[in-house]
Each structure stands twice: as C-alpha cells, then as structure tokens.
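# Descriptive structure summary
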Amino acid sequence: MSIEKSKYGTTPNGDQVDSYKLKNHTGMEVDIITFGGIITAIKVPNIAGTAENVVIGFNNLEQYMQPNPYFGALIGRYGNRIANAKFSIDDIEYKLAANNGPNNLHGGPKGFHKIMWTVEATNDGENSSIKLKYISKDMEEGFPGNLTVYVTYTLQVDNTLEIVYEAITDKSTVINLTQHTYFNLSADFSKTILDHEIVIDADQFVPIDAFSIPTGKLQNVVNTPFDFRQSKIVGKEIDENHEQLTNGKGYDHCWVLNNQDQGFRFAASAYDKLSGRFLEVKTTEPGVQFYTGNFIDGTLPTRDGEKYARRTGFCLETQHYPDSPNQESFPTTLLREGEKYESKTSFTFSIK
Ligand code: BGC
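Parameters at a glance
- Residues numbered from 1 in each chain as written.
- Predicted model: local features only at pLDDT ≥ 70, side-chain atom pairs only at ≥ 80, totals over all residues.
- Heavy atoms only, no water.
- Helix = DSSP H or I, 4+ residues; strand = E, 2+ residues; numbered from the N terminus.
- Buried < 20%, exposed > 50% of the residue type's maximum accessible area, 1.4 Å probe, protein only.
- Contact = heavy atoms within 4.5 Å.
- Areas by Shrake-Rupley, 256 points an atom, 1.4 Å probe, with all protein chains shown as cover.
- Lys, Arg positive; Asp, Glu negative; His and termini not counted.
- Charge placed at Lys NZ, Arg CZ, Asp CG, Glu CD.
- Near = heavy atom within 4 Å.
- Polar contact = N/O pair within 3.5 Å; in protein donor to acceptor, adjacent residues only side chain to side chain.
- Nonpolar A, V, L, I, M, F, W, Y, C, P; charged D, E, K, R; others polar.
- Pairing = 2+ DSSP bridges.
- Phe/Tyr/Trp six-rings, centres within 6.5 Å; stacked < 30°, edge-to-face > 60°.
- Core = buried A, V, L, I, M, F, W, Y, C linked by side-chain atoms within 4.5 Å.

Turning next to the overall build of the chain. Secondary structure assignment for the chain yields two helices and 27 strands. For the C-alpha atoms alone, the extent of the chain along its principal axes is close to 60 × 50 × 40 Å. Put simply, the chain has 352 residues, and 59% of those count as buried. Taking as baseline every contact in the chain between residues at least 6 positions apart, the subset at least 24 positions apart corresponds to 65%. With the model as given, the accessible surface of the chain reaches about 14,000 Å², and the carbon-plus-sulfur share is 47%. In the chain, which carries 33 positive and 45 negative side-chain charges, the distance between the mean positions of the two groups comes to 2 Å.

For the ligand, the full set of nearby residues is P69, Y70, N80, R81, H106, H180, Y182, D252, Q289, Y291, F295 and E317. Take N80: an N or O atom from its side chain is 3.2 Å from an oxygen atom of the ligand. Between Q289 and the ligand, the recorded distance is 3.2 Å, taken from a side-chain N or O atom to an oxygen atom. Alone, the ligand offers 310 Å² of accessible surface; in the complex the protein occludes 95% of this. In the shell around the ligand, the residues fall into five nonpolar, four polar and three charged.

Pairing analysis gives eight bridges linking strand β1 (residues 2–10) to strand β2 (residues 16–23), with the strands arranged antiparallel. When the sheet's bridge partners are listed, I3 is paired in β2 with L22. The turn linking β1 back onto β2 is made up of five residues, and G14 within it adopts a positive phi angle of 90°.

As paired strands, strand β11 (residues 118–124) and strand β12 (residues 128–136) are joined by six bridges and run antiparallel to one another. Residue N123 lies in a different strand from β12, and its bridge partner there is S129. Count of turn residues in the β11/β12 antiparallel hairpin: three residues.

Okay, unusual backbone geometry next. G76 connects to R77 through a cis peptide bond whose omega is 0°. Positive phi outside glycine occurs at N159, with the angle close to 60°. Within the secondary structure, N159 sits in the loop between β13 (147–155) and β14 (160–169). When its relative accessible area of 10% is taken as the criterion, N159 is described as buried. Positive phi, close to 55°, is recorded for N259, a residue that is not glycine. Along the chain, the position of N259 falls in the loop between β21 (252–257) and β22 (265–272). Judged by its relative accessible area of 35%, N259 is partly exposed.

Given two aromatic rings, one states the distance between the centres and the angle between the planes to describe the pair. Counted by the stated rule, this structure contains 28 aromatic pairs. Consider the rings of F112 and W117, whose centres lie 5.7 Å apart with planes at 90°: the pair is edge-to-face. Both residues of the pair, F112 and W117, count as buried. Connected via pairs of aromatic rings, a cluster forms that spans F183, F205, F226, F228, Y251, W255, F290, F314, F347 and F349.

On to the environment of F278. Assignment of secondary structure puts F278 in strand β23 (residues 277–283). Overall, F278 belongs to the buried group, its relative accessible area being 13%. Put simply, F278 and Y165 are 113 residues apart on the chain and 24 Å apart in space, counted from C-alpha to C-alpha.

Let's shift gears to the nonpolar core. Grouped together as the largest cluster of nonpolar side chains are 60 residues, with contacts concentrated most on I42, Y153, I200, W255, F290 and F349. A per-element tally of this core places β13 first, with five residues. Aside from chain neighbours lying at most four places away, what touches W255 is I200, A202, Q204, F205, V221, F226, F228, P286, G287, V288 and F290. One finds F35, L61, Y64 and F189 within the second-largest nonpolar core, a separate group that totals 17 residues.

Written as structure tokens, this is what we have:
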C-alpha cells in the first residue's frame with residue numbers, strides 16, 4: 001500500500017491544492033484533492049485485469065472550481081435539500097441560501113465541496129488512508145455552531161474504499177454529510193449508465209414534489225419503477241410515465257434502506273456486465289440517494305475533451321433523508337453540543 005502526494009494547483013485565493021493517491025497491491029488507486037475533498041479518480045481492474053478510471057471528473061483544478069454538479073465532492077453541512085432554505089432548532093429559525101429554486105441544496109453555494117480541507121493525518125500501513133479536517137464557523141452558510149469535521153478515506157487491501165465522517169459542534173445544529181462521486185463502471189464516459197444492473201436494499205423510498213422536496217410520506221416500492229430489491233437495469237423503467245420519475249427527471253430519490261437497526265450493512269450494488277465490474281455499497285446511514293445524472297447537460301468537458309452527456313454517471317449518496325430538519329417523522333439530523341456525529345460508508349469493487 002502506498003500514498004503519493006503531489007501538487008495539484010493553486011486557487012485564486014492562493015491556496016495550494018494537493019492531490020493524494022492511495023494505492024493498493026491489487027491494482028486499485030484512489031485520487032483525492034484537498035479542495036472540496038474531491039475524489040478525482042478511482043482506478044479498478046475490469047475482468048481482463050485492466051485498471052481504468054470509473055468516476056466522472058475533470059483534468060485540472062480550474063475546471064473543478066467552475067460551477068458543476070458536485071463531481072466527486074464531499075457534501076456538507078447538509079446533503080440534499082432543505083425546503084424553503086430554512087429550519088428551526090429550539091424555536092430559533094435559521095435561514096440558509098436558496099441555491100436550488102426556493103430550497104437549499106448540498107449545504108449552500110460555499111458548502112464543503114468548495115472549501116479547502118487540511119490533511120490531519122495520513123497512514124501508509126496495510127490500509128492506506130488520509131484524514132481530512134475542516135472547521136466550519138458558527139453561522140457559516142447559515143448553519144449554527146462551530147462544527148469540527150473529519151473525513152477519513154481509507155483504501156483497503158480488498159479493493160474497498162471506506163469513508164468515515166466524524167463531527168462535533170459547540171451549539172445545536174443539523175448535519176447530513178455525504179460523498180457525491182458519479183460512477184460509470186464501464187470506464188467509458190461516452191456511454192450512459194442505463195445498462196448498469198442495480199440492487200437497492202429498500203422496501204420504501206421518499207417521494208418528492210416537483211421541487212424535489214419530500215412530501216413527508218414514505219412510499220412502498222412494490223409495483224413501482226423504484227423496486228430495485230432484485231437486480232434490474234437502470235434503463236428498464238426510468239422513462240416510464242410515473243409522477244415520481246417526472247418530478248425527479250428520472251431517478252433522483254432517497255431510498256429508505258432496510259435493516260436500519262443493524263448499523264453498518266449492505267445498502268446497494270451496481271454491476272456492469274461488459275467490464276465485469278461490480279460495486280457494493282455498505283453504510284450506517286438510513287438512506288441512499290440514487291441519482292442517475294439526469295441534470296448532466298452535455299456542457300462539461302470529459303478528460304478526453306468530449307462532453308459529459310445526460311446519465312453518463314450515477315451517484316449512490318448514503319445519507320439521512322432530504323429535508324429532515326423540517327420533517328418530524330424522519331430520523332433526526334440534529335446534532336447537539338457534546339454529541340459526536342459518526343457515519344461510515346464503504347464502496348467495494350470486484351469482478352463478476
Ligand atoms: C441531487 C440532485 C442534484 C444533484 C446535483 C443530487 O444529490 O439529488 O437533485 O441535481 O445532486 O447535481
């Protein structure tokens with residue numbers, strides 16, 4: 001196992017951005033930059049043993065600094081939407097930026113995807129890891145409390161990328177951290193992900209309105225295009241005439257994962273038959289946002305100078321449900337002073 005550090009670029013503010021490459025002996029590599037904690041590449045072997053990159057990304061820092069749909073980034077303080085960009089804790093109302101129609105999305109315009117992380121520690125042992133740190137100031141992007149956040153990326157010998165999130169606050173706040181990598185297991189970004197086979201271990205999902213805000217109810221997946229309990233290709237029902245698919249412009253929903261009392265457990269998998277690559281996701285979180293890149297609009301450059309087209313990547317964002325701060329019946333995202341926020345997700349790659 002090894003870690004290689006290199007200079008990646010300099011922000012307009014003069015901050016030096018570094019890139020860290022985690023490598024193992026079985027041919028997997030993960031590249032992470034200190035700007036946004038972005039995963040810029042994940043290389044894993046296909047069935048022929050050829051390691052190729054399977055995540056959407058750009059060639060340089062300048063491109064990552066331009067507006068883009070959170071390619072590879074860490075998301076905080078609150079992954080997904082908070083309705084009407086406001087919430088209350090103990091009868092105090094907090095107002096956030098409305099950066100997605102009337103709502104707040106992914107922590108606001110300068111969320112954790114746009115900030116400089118510092119490297120707290122690296123470990124070059126049997127499993128190589130990098131621990132990132134960020135202190136988000138009280139009322140930053142409208143959220144209360146000085147929040148100290150650690151995110152540790154660990155590449156394990158068995159081709160697992162594990163992500164551990166930790167945080168503490170000095171004042172009650174809300175928190176919902178996630179990772180926004182877009183996968184395309186074919187490693188061919190001229191192709192959509194519609195032929196990937198997906199499993200999501202969920203009997204229910206969170207239906208949304210036309211602004212992608214939860215209606216407050218949970219819906220059973222039985223007899224709907226949202227049933228991924230048995231392996232199914234993404235494209236099979238994605239364009240069916242179903243109100244929820246219209247609202248999401250495809251799949252862009254939070255699935256209510258089963259076995260929530262079991263802690264760290266299987267959540268979802270993806271399989272690309274041609275390359276043989278298989279991805280398994282485990283998490284401690286109650287939900288996973290399965291997003292099929294419906295809003296990727298054909299304007300952003302691929303690494304080969306082509307353009308990323310609609311649905312050329314999918315995300316499996318493990319998290320609490322959207323808008324939980326305003327939804328009494330959802331698992332809470334409240335973090336009180338003195339409590340520790342902890343969340344763990346892993347992405348394991350293999351061949352089938
Ligand atoms: C959301 C999408 C949003 C995307 C950002 C996803 O997590 O669910 O609605 O468009 O992030 O591009």
